[in-house]
Structure formats: C-alpha cells, structure tokens
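Residues per chain are reported as follows:
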Amino acid sequence: MDSSELDGNGTEASLPPPPPVVPPDVVPVKAEDALAEPVKKKVSRLPIARRGLGSKGMKIALQTNHFKVNVTNNDGNFFHYSVAFAYEDGRPVEGKGFGRRIMDRVHETYASELNGKDFAYDGEKSLFTIGALPSNKLEFEVVLEDVVSNRNNGNCSPDGHGDNESDKKRMRRPYRAKKFKVEISYAAKIPMQAIANALRGQESENFQEAIRVLDIILRQHAAKQGCLLVRQSFFHNDPRNFAEVGGGVLGCRGFHSSFRTTQSGLSLNIDVTTTMTIQPGPVVDFLIANQNVRDPFQLDWAKAKRTLKNLRIKVSPSNQEYKITGLSELPCRDQTFSLKKGGRDGDDGTEEVTVYDYFVNARRIDLRYSAELPCINVGKPKRPTYFPIELCELVSLQRYTKALSTLQRASLVEKSRQKPPERMRVLSDALKTSNYGSEPMLQNCGISISTGFTQVDGRVLPSPRLKLGNGEDLNPRNGRWNFSNKSFVQPIKIERWAVVNFSARCDVRALVRDMIRVAGTKGISMEDPFDVIEESHQFRRSPPMVRVEKMFESMQSKLPGVPQFLLCLIPERKNCEIYGPWKKKNLTEYGIASQCMCPLRVNDQFLTNVLMKINAKLGGLNTLLGVEHSPALPVVSKAPTLILGMDVSHGSPGQSDIPSIAAVNHNCHVVSSRQWPLISKYRACVRTQSAKVEMIDNLFKKVSDKDDDGIISLIGFINCRELLLDFYVTSAKRKPDNIIIFRDGVSESQFNQVLNKELDQIIEACKFLDEKWEPKFVVIVAQKNHHTRFFQSGSPDNVPPGTVVDNKICHPRNYDFYLCAHAGMIGTSRPTHYHVLHDEVGFSADELQELVHSLSYVYQRSTTSISVVAPICYAHLAATQVGHFLKFEDKSETSSSHGGLSAAGAVPVPQLPKLQDGVSDSMFFC
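All figures in this text were calculated on a predicted structure; none of them were measured in a lab.

K.L.:
Teacher, can you tell me more about the environment of R219 here?
P.N.:
Relative to the elements of secondary structure, R219 occurs in helix α5 (residues 205-224). Distance from R219 to L229, taken between C-alpha atoms, is 7.2 Å for residues ten residues apart in sequence. The contact partners of R219, leaving out residues within four places of it in the chain, are R100, D122, L229, V230, R231 and Q232.

Now the structure itself:
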C-alpha cells in the first residue's frame, strides 16, 4: 500500500466514494462561472463642463501674461522617436548631461541622413520631428573631443597635465575624445490636429503629447542659449538676474513658459520665477558662507561633503571642468596617490606621492592654505582623483536644493518681489529676448506668438458684510478691517488659566495686566491667572523635551487643577525648539489649549491678534458673515451642508538626509465645518502617509462592521463616525444633504484620481454610516502653484480684492475660474485657480463664485481676506502644527528606521498620537 493512503497514525485511511459518471451529452459548468454575478462596469467620472459665465460684480479691464499663439499648420504630424546612447564598447551611457551635446553633433554631422530635418530633443530619451525621418531606425556614431572624463587610467597625475613623459604624450592626442553610438527608433505619431480639437473641447491623449512637444521645443530653444533648465522654467547666466540671500546661496531670476489651451485659442503663459543656485567662485569661500564660519579651519567637513557632492567645478590652471564625487579622508599634506614614474631608463614603476608635494614640487604651484584641508575628489570610489581645494572653483548656474533657513526665505521674498508694472516690463523684455520667431521648429509648425498681453474682462465681487459683537455690522474696505473699538461676535470666558515662561525676557506681570485689559475691550471676560510659572535656571540648557517635562512637573505642583488655557512665553519668534514638544504635551496628554507667544514688541494691536487666536481655539468666533447670521448664503443656508478642506503636505525640500519622520512622509489633513448653517467653525484631523504619494490614500478603509480606519475616519485622531456625527450633533441633529470638498495640492493630471478614487472613498464612508444616505457632492480643486497673473489696464496697482476672471484664458471646456480674493500688498498678486470638477448640487456660476469669495473672509486668525478659502488654510495650519510632533521623536529610532526610502521596501509610516477629548473638536490649530 502506498504511504499516501495512511493517516497520521500510520493506519489505513478511509477513501472517499468515486465521483458519479458524467453522461456523454452533458457539458460541465465551472463552479466559479455558475456562482459569479454579472459585474457592473463602473463608469469613470470626468471633470464637468462649464455651465455658464458669472455676471455679478463691477466690470474691470485687465491684462494677463498669456500671449496669443497663432497656429496655421493643423494637418501635419509630430513623430516621436526614442533615443539611446552607448559608448564605443556598447556600454549604455548612464550619466546625464551628455545628451544635448551628442544630439547637436548628430544634427551637425548627419544632416543629409536626417533629410535636413530639425528636431526637438527633451534632453533625455525622446526626440520629436515634424514629419517622419527616412527610416524607423537610425544608427549614428559621433565623437566629442572635450567630454569630461573623471578617470586618470591609474597613471595620470591628478589634472592630466603633468610634466612627466606619459602626460606629454597624452597631450599630443585629442584631449579626452570619446566616441558615442546613437540609436534613434520610431515610437509614435502625434497628429497636430489634436491641438485644434482640444480648443473645441475635444481633448485626447494625443493633445497632451502635442502640447508637450511644443513645450520641449521652447526648452530646447532655451538650452541653445546656455540656460539652466528646471522643468518648464529657464534661467540665463546674467549677473543682473542674481540676488544674494545668504549662506552662499543666490536667488536666480528666470522665466516659466508653457502652452495652454484657452477659450480664445492657444496661448503661451510666460511668468517670472526664481530658483536657488550656488554662489560661483572658490569652493572654500562658498563653504565658509554656507556654514557661517570665519575661516576654512572651522568647517564641518562631514557637512561640507554632503553639500558639495555632485557639484561641478573648474580646476586651475587647466580650466577643466569636473563633477565632485567626495573629499579625501586625509589632509592634502598627507593624502597620497600612485604616480607612474615614466622614466627614460625603462623604469615604469609607480611611487606614492602626496597631493601637496605633487602640486608644489612637480607642478610648481604655490598652495597657501590647502595643506591641512581635505582634497576635492573628482574620481570614482576605487579610482580617486584629487585636487587641492584652493585650485577649485564652483561653476555658475548650479541649483541649490537644500531647505532654506528662515532668514534666507525672508531675504528671497524681499529681493524677488516685483510690483505689477515692473513685472510686465520684465516679461515683455523676456519675450523679445527669447526671439521665438527665429526658432525653426516653431516656424515649421506654422506657429507665431503675439508680443502683446491678452486683454480679459474681470469682475470685482463686493466684499461680504461682517457681523461683530454688540450687533455691529462692518463692511471691509480693500479686503481689510480692524477691531479698534470693536468686540468679537462670540467672545469666550477665560476663568482657569496660567502663564508659563520658558526664559523669555519681559515683565510678565505687566504683560498679563495688558492682556486682561485688551481682552475686556474685545468682549472676553478674562480672570487673573492662577499663577506665573517661571522655568528653573538649571533646566534652561536641557533638551527641549526635558524642559517641557520639568515645566509640567512644576505646574502640577503649583496649580489647583487642569487649566482651561495656558499662555506660553517663548524666547524666539521663529523655530523655537520648545514649540513642538510643548504643543504635543498639551494636545495629546492633557487636552489643554495653549497659545505660544514671543513677547519682544508687545502693544495693543499685537495682543488683539493673540486674543483672536485664543478666542477661536477656545470655541469663540471673532467675526461672522452677515449671510451666516441671517442665514442667507445661496444653497448652503437652505440645506445642511458640510464643507471639507483637504490637502497633502510634504517634508521640506532638501531634508532627505535628516533622520526625521517628516522628511520621508507626508501629512494628510482634512478640516470639516460644524454648527450649520455656520461656515466659520471647523475641526481638523490629520494622519501620515508614505512619501511620494500625492493622493490621499486612506479616506476610508473598513476594519469591521462597526469601525473604519481612514482619513475621513481615523486620521490619527478621530474616526469617521465621530467626524460626521460631530456635524450631526452640532447642526440640530441633521445629516448634511450637501458635502462640498475643497482639495488642494493636486495637478491637472490627477483630477481623475480625485474624482474616481478619493470621492468614491468618501461616498463609501457615508454609506457605511447609513446605507440610505445619499448626500450631493461638490468637488473643487484650488491651485496656487500656477503662473497666471492679472494687471490693471492703466494702473500700477494690484487688482482689487474680489477680482474674478472666468473668460478668454480659462479652459475651453472644463469649469474653472480665477479669483484674487485678497489685497496684494507686496509684489504682484497671485490669484487662486479654482477647478470645479463635480457638482451634483447645481450651483450657478455666480452662486459658486460668491460662496468661494465668502469663504475667503471667515479666517479667524486674520483681519484681512485671504488668498484661498479658509478650509484649505486651516488644513495647512493643522498639518504644520501636528508636524511639529514628529520633529522631536527619538532620533535614535528615526535615523535607523525612517532615514529614507530603500529598494528593499517602503519606510514604516509613523502613527500620530491621539488628541485628547478637550481639544480634538476645537480649532486647536488657530
């Protein structure tokens, strides 16, 4: 008997009965086919078409930085080819930067083989022509004589210009010449007609590709002029374009350009933009400025190595260009390399020579300070090539990608802002200097670009009336108002509070007295504090978390109970290390609202601004819209309406080398309105998600029949039931009939994901709570990261607050409009570009624009209208504050497990701590 017929005890197992005989005329049916139900194919949502133009408001004549593009050739085709480069031995070319030079040489050398065709090359792996090339596959060989090589073949002096015989022989040959193989293969055909179709509202994938080709033509045109290219922006190497911002960093002014389809045809959008570049010149001078030290002997060389990696230098006296790969382990005086003797007596051995001795003795170059400093390495890890640091100079137009300091950001804003007339002049000059009319590819496309700004018709919406305390009404002027001799509309009462002072220098008793006085003028009843708790001198130099712990120990011994509110005095206005641990302790462990302030220049206006934040955090309201108080908001006041503000925030650029959770993850944040029919009160919820994920990936994730775990649900703090029930409880026990979603942080290419992924998850969350509940949804994306600007015709001033534009330069089919709700006081105002992707409620254009405009006046921290709707601003605030929680986690944990993304898998996403009940439903983020 086979062993497979025995059971686990070794005894014979009972066999199952044989299957019944299937009659020959019967066809078996697969079980899965019999049980399967017909699958309904889900219909994808698309952005809705425009339903009409708005008409309300005072008309205003405007100009915009869109330049009309005339297209006379709609019958041709763009041909897309893939480009591959290889060395002579067949190895693929992996380094970047060679592509344009190689393709320029191909164009020069093989013009006849290309039938004299011009092409647009994207700098990487794609090439485009108008009409086809002679063959679907072409192969060429080209030679570049001056390609930089980081190799010295093991027997060359560091700069390849030594006095020994082998170096002299090498100099007789073409210097570092290299041969490249180029393979061009057909990939696709793109009809130019796609652009004309898109202008009629018939977009396709071909349209996106056709517009991409036009943008690539402009990039190539700028590259031929020697510009630095950054996506759709280009930067000329002109000293007038640079401004020092400190730390060896320059702000470089350049120009963004992109083709856009609009209601009035194709246009070219050109705008001023700025990128950060390295200060060119001696490497040592840059490092001294970057690290803010007095001389090179105080430099942190580990930090310098990270900063310099991959930057390009020119080395004297050869003036040859290299890329930095690292620094030497030893100082120049001690760092050795193998130098081939190359003697005439046949001795071909090598000798170990220090870099310092080679340059001083063999090359006769005087080195003043390099002896004790590391050398610059431009070779490979196993074949280093060293140069003394004082012979190295950084070349210009190299991007600086690290995060800017607070002072650098302030300096950049100060030096890069431009008033409207200056911006218009600079843009006009840029268009003339670019000389697009001479570009052969554009000529072959039949494209000409107008040099005049596009004229558009704007409308200025009236400012909404505000409600203050004591029944007083206020009409904002130029988007601004103040609380002088006025009180808050819903002031709170502060009975149990205390002051803690983290070594801030001020007269605390006088500060408290003035705050109580000013609070009274705003309608806030503020009792004397329980106590003023000063930080002990012995802990002032302790780590931030220790200082906070000791302060809470001191508070517990001195206060009679948990206070309603804490006023925290800190010594620095920006980037104070106390802030994050203090907020985390208050919000997640004790549920206490707190307000931090740096008492440097205190006056009544300053205290009023602080009290506005305190009043909002503790449940009060500073102002209400008159239409909220009535209530008379179109649509929103007639049916219970929930307003959501959603965003994904990213870690700061250049922080990937810092062992911090925030550097590798994003915060997803949502704020939701409460107490309908108000649209001025919100609560927030935040969660983390993996880096590189722009879409919110867990709006709803069901865990069991009673619980769920998503961003509408458990976003680090609260679950779905609590968030939606909060609206129900605070809105006279009514579920929202309408849900209006304002989404920030997504590009046009992601609109379909918002409509078909995020919206589906929110609908699923609603169904989870009540299967019969079918609210109507409105989805609006707000974009600030765009390059459209408006200018008043015949006026040097910014456009007035409330300016809305929905004609001529908007999308030819989709529903979008521009709104500049704020008064631009510095530089040129940037409007917000609103895209209405979905509207089941049926707002008219005027009603929706009025709602969006009104939501720019309900921001409780400010006495001005703001540039984007308040729910999105609150979402940013919530994420910023909660983001501080993650900055002070134990670095021994984060450096090992959260230091970056690896090929092995995704980094674990840290979970945010839960907010305590006392603050979870408040506007703690104000």
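K.L.:
Is there a simple way to explain the pairing of strand β18 (residues 374-377) in this structure?
P.N.:
Here is the key point about a regular strand: its side chains alternate between the two faces of the sheet. Alignment of strand β15 (residues 326-331) against β18, held across three bridges, turns out to be antiparallel. Across the sheet, residue P331 finds its bridge partner in β18, namely P374. Taken together, the two bridges between β18 and strand β19 (residues 386-387) define a ladder with antiparallel strand orientation. Following the sheet pairing, I376 is matched in β19 by F387.

K.L.:
Please clarify how the nonpolar core should be interpreted in this entry.
P.N.:
Considering soluble globular proteins, one finds that nonpolar side chains tend to be buried as a cluster. Residues W497, I679, F742, Y834, L855, Y874 and F925 are the most contacted members of the largest nonpolar core, which totals 82 residues. Per element, the largest residue contribution to this core is nine residues, and it comes from helix α20 (residues 870-887). For this core, the domains that each give at least three residues are domain 3 (482-618) and domain 4 (635-652 + 666-704 + 713-789). In this structure W497 touches V512, I516, M526, E527, D528, P529, F530, D531, P563, F565 and L567, once residues within four positions along its chain are discounted. Counting residues in each nonpolar core, the second largest holds 43 residues, with V245, I278, I324 and L367 among its members.

K.L.:
Got a minute to help me understand helix α7 (residues 301-308) in this structure?
P.N.:
The α-helix advances 3.6 residues per turn, and as a result positions three or four apart in sequence lie on the same side. All of the buried residues along α7 are W301, A304, T307 and L308. Buried residues of α7, viewed axially, fall in a sector of 110 degrees; they line one side. Where α7 is buried, its residues touch α6 (283-291), β15 and β18. A side-chain oxygen of the first residue of α7 lies 3.1 Å from the backbone nitrogen of A302; this N-cap is D300. Immediately beyond the C-terminal end of α7, within one or two residues, lies N310, with a positive phi of roughly 75 degrees.

K.L.:
Explanation requested: the side chain of N615 in the structure shown.
P.N.:
Relative to the helices and strands, N615 is located in helix α15 (residues 604-617). Side-chain polar atoms of N615 contact the backbone oxygen of Q490, separated by 3.4 Å. Within the local environment of N615, its side chain forms a polar contact with the side chain of N622, the two groups lying 2.9 Å apart. When near neighbours in sequence (up to four residues on either side) are disregarded, N615 contacts F488, Q490, P491, I492, I524, G620, L621 and N622.

K.L.:
Would you mind going over a positive patch on the surface with me for this structure?
P.N.:
A cluster of basic residues, R409, R573, K574 and R601, forms a positive patch on the protein surface. Inspection of the secondary structure assignment puts R601 in the loop between β29 (593-597) and α15.

K.L.:
Sorry, what's going on with the sheet that holds strand β20 (residues 392-394) here?
P.N.:
Sheet strands associate in pairs through backbone hydrogen bonding, adopting either a parallel or an antiparallel arrangement. Strand order in this open sheet of four strands is β12-β20-β13-β14, and the pairing throughout is antiparallel. Edge strands, defined here as strands with exactly one partner in the open sheet, are β12 (281-282) and β14 (320-323).

Calculation rules
- Residues numbered from 1 in each chain as written.
- Predicted model: local features only at pLDDT ≥ 70, side-chain atom pairs only at ≥ 80, totals over all residues.
- Heavy atoms only, no water.
- Helix = DSSP H or I, 4+ residues; strand = E, 2+ residues; numbered from the N terminus.
- Contact = heavy atoms within 4.5 Å.
- Pairing = 2+ DSSP bridges.
- Core = buried A, V, L, I, M, F, W, Y, C linked by side-chain atoms within 4.5 Å.
- Buried < 20%, exposed > 50% of the residue type's maximum accessible area, 1.4 Å probe, protein only.
- Domains from an automatic or database assignment.
- Arc of directions from axis to C-beta.
- Polar contact = N/O pair within 3.5 Å; in protein donor to acceptor, adjacent residues only side chain to side chain.
- Patch = residues over 30% accessible without salt bridge, like charges linked within 9 Å, V, L, I, M, F, W, Y side chains within 5 Å.
- Areas by Shrake-Rupley, 256 points an atom, 1.4 Å probe, with all protein chains shown as cover.
- Salt bridge = Lys/Arg side-chain N within 4 Å of Asp/Glu carboxyl O.
- Lys, Arg positive; Asp, Glu negative; His and termini not counted.
- Charge placed at Lys NZ, Arg CZ, Asp CG, Glu CD.

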